[in-house]
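# Working through the structure, step by step
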Amino acid sequence: MRIPLLFIFLTPFLAISQINQTDLNGLRQGFWQKNQPNGQLLYQGNFKDNKPVGEWKRYHTGGQVKAIIGYRADSDSADARLFDEWGKKVAEGIYLNEKKSGLWTYYSENVKIAAEHFQEGLKQGESVRFFETGETGEISNWVAGEQEGNYSVFFKNGNPFFQCKMKNNKRNGLCLTYFRNGRVELEAHYVNGLRDGEWKYFDENGNHIYSLIYNNGKILNPGVRDSISNLQMQKLEKGKGTITDPEKYMDNPSEYLLKMNVYR
């Protein structure tokens, strides 16, 4: 059976002509794709009446799949899986009207490291970070994208390391840090993100060793702070370790734990 030469020549043209098409009303229909400046694909998928339908793929600059998004029929929501350049899944969740919605789960080396909830693209509700072995490392609470309520960081054995009250994305109220044995190391207070009132420091046996006094972020007894800093430096020089560092956990307690390798 012979295939007409005209059909052979027309087939590539017909295939190309069916890509990136709009109808008489200007609505995108059928298969669409776009390339990056380097020639690699940027995305590809199908439209129906100007809305994406079915499975869509987006790509990294090197051509690897960056995201697989499945648009639900007769819905504005889509299920998404995101991948790194090596093909490992880094996140999965739902988009609603192109904004994150509901539960999103994050991964590192295919291990779950975090779970967050979203509404209208903003964090809403509880967010949890996990150790690589599955234990809870951090719990925070969010309202419309701002941190609110209780914030806790944990040692890997489940004991608390840091606890604080949050309001309008700032520390507000009592904050506590703990030694591994469960005793309080520091009792601190904040007002609208500024240090305020008496900050009490304790040793691992529960004995009060010194206090720093703050008012609206300004320290009122700098002499105590300076003497403690000098003592810390002396102990460092002698190789005997340090006493409590007032700043070690305040900015980012969970990152501090990671850097100091005390999650284990």
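Residue positions are counted from 1 within each chain, in the order its sequence is given. Totals for whole chains, interfaces and linings use all residues, but because this is a predicted model, local features are given only for residues with pLDDT of at least 70 and pairs of side-chain atoms are given and counted only at 80 or more. Note: side-chain values were computed over all heavy atoms of the structure, leaving out hydrogens and water.

## What to know about the overall build of the protein
Helix and strand assignments come from DSSP, with helices taken as H or I runs of at least 4 residues and strands as E runs of at least 2, each series counted from the N terminus. The helix and strand inventory of the protein stands at three helices and 21 strands. For the protein, with 264 residues in total, the buried portion stands at 29%. In the protein, of all internal contacts separated by at least 6 residues, the share reaching a separation of at least 24 is 14%. Relative accessible area decides the class of each residue, using a 1.4 Å probe on protein chains only: under 20% of the type maximum gives buried, over 50% gives exposed, and in between gives partly exposed. Should any heavy atoms of two residues lie within 4.5 Å, those residues are counted as being in contact.

## Quick notes on the pattern of salt bridges
The term salt bridge refers to a pairing of a side-chain nitrogen on Lys or Arg with a carboxyl oxygen on Asp or Glu at a separation within 4 Å. Summed over the entire model, instances satisfying the criterion amount to eight salt bridges. Salt-bridge contacts for Lys51 lead to Asp76; the nearest nitrogen and oxygen are separated by 3.0 Å. With a gap of 25 residues between them, Lys51 in strand β4 (residues 51–59) and Asp76 in the loop between β5 (65–71) and β6 (77–83) connect regions that are remote in the sequence. Its relative accessible area of 43% is what places Lys51 among the partly exposed residues. Looking at Asp76, the relative accessible area reads 42%, which means it is partly exposed. With a closest N to O distance of 3.7 Å, Glu138 and Arg129 form a salt bridge.

## With respect to the state of the cysteines
Defined by distance alone, a disulfide is two cysteine sulfur atoms within 2.5 Å. Tallying each qualifying case throughout the model produces one disulfide. What pairs with Cys164 in a disulfide is Cys175, and their sulfur atoms sit 1.8 Å apart. Of this pair, Cys164 sits in strand β15 (residues 160–167) while Cys175 sits in strand β16 (residues 170–178), placing them 11 residues apart in sequence. The same class applies to Cys164 as to Cys175, namely buried.

## Considerations on the side chain of Ser211
By secondary structure assignment, the location of Ser211 is in strand β20 (residues 208–215). With relative accessibility at 14%, the residue Ser211 sits in the buried group. A distance of 2.7 Å separates the side chain of Ser211 from the side chain of His208, its partner in a polar contact. In contact with Ser211, not counting residues within four places along its chain, are Glu198, Trp199, Lys200, Asn221 and Val224. Under the rule applied, a polar contact is a pair of N or O atoms within 3.5 Å (in protein, one hydrogen donor and one hydrogen acceptor; residues adjacent in sequence only if both atoms are side-chain atoms).

## So, the packing of aromatic side chains
Put simply, two rings from Phe, Tyr or Trp (the six-membered ring, in Trp's case) pair if the centres are within 6.5 Å, and we call them stacked under 30 degrees between planes, edge-to-face over 60, tilted for the rest. A complete count under the given rule lists nine aromatic pairs for this structure. Ring geometry for Trp199 versus Tyr214: centroids 5.2 Å apart, planes at 55°, classification tilted. Pair noted here: Trp199 is in strand β19 (residues 197–202) and Tyr214 is in strand β20, with a separation of 15 residues, a long-range link. Each member of the pair Trp199 and Tyr214 is classed as buried. Arranged with centres 4.4 Å apart and planes meeting at 10°, the rings of Tyr201 and Tyr210 form a pair that is stacked. For Tyr210, a relative accessible area of 7% translates into the label buried. We call a charge positioned over a ring when the NZ of a Lys or the CZ of an Arg lies within 6 Å of the ring centre and within 35 degrees of the ring normal. Cation over ring: Arg28 sits above Trp32, and NZ or CZ is 5.8 Å from the ring centre. Positioned over the ring face of Phe130 is Lys112, at 4.9 Å from the centre of the ring.

## So, the side chain of Gln36
With respect to the helices and strands, the residue Gln36 is situated in the loop between β2 (28–35) and β3 (41–48). Polar contacts involving the side chain of Gln36 include one to the main-chain carbonyl oxygen of His60, which spans 2.9 Å. Each residue touching Gln36, except ones within four places of it in the same chain, is listed here: Leu41, Leu42, Tyr59, His60 and Thr61.

## Concerning the environment of Gly197
Take Gly197: it is sitting in strand β19. Considered as a pair, Gly197 and Asn216 are 19 residues apart in the sequence and their alpha carbons are 8.3 Å apart.

## Some thoughts on the environment of Glu116
Mapped onto the elements, Glu116 comes out in strand β9 (residues 111–119). Taking the C-alpha atoms as reference points, Glu116 and Asn141, 25 residues apart in sequence, are found 9.5 Å from one another. When sequence neighbours within four positions are dropped, the list of residues in contact with Glu116 reads Gly102, Leu103, Trp104, Tyr106, Lys123, Glu126 and Ser127.

## Some details on unusual backbone geometry
Of note in the backbone geometry, Asp49 takes a positive phi value of approximately 55° without being a glycine. Along the polypeptide, Asp49 turns up in the loop between β3 and β4. Phi is positive for Asn216, which is not a glycine, with a value near 55°. Within the element layout of this structure, Asn216 appears in the loop between β20 and β21 (218–219). By relative accessible area, which is 54% here, Asn216 ends up exposed.

## Concerning the nonpolar core
Here, nonpolar core refers to any group of buried Ala, Val, Leu, Ile, Met, Phe, Trp, Tyr and Cys residues whose side-chain atoms link them within 4.5 Å. In this structure, Phe162, Trp199, Tyr201 and Leu212 are the most contacted members of the largest nonpolar core, which totals 18 residues. At four residues, β15 tops the list of elements feeding residues into this core. In terms of nonpolar packing, the next biggest core, distinct from the first, is built from 13 residues, Trp32, Ile69, Tyr106 and Phe118 among them.

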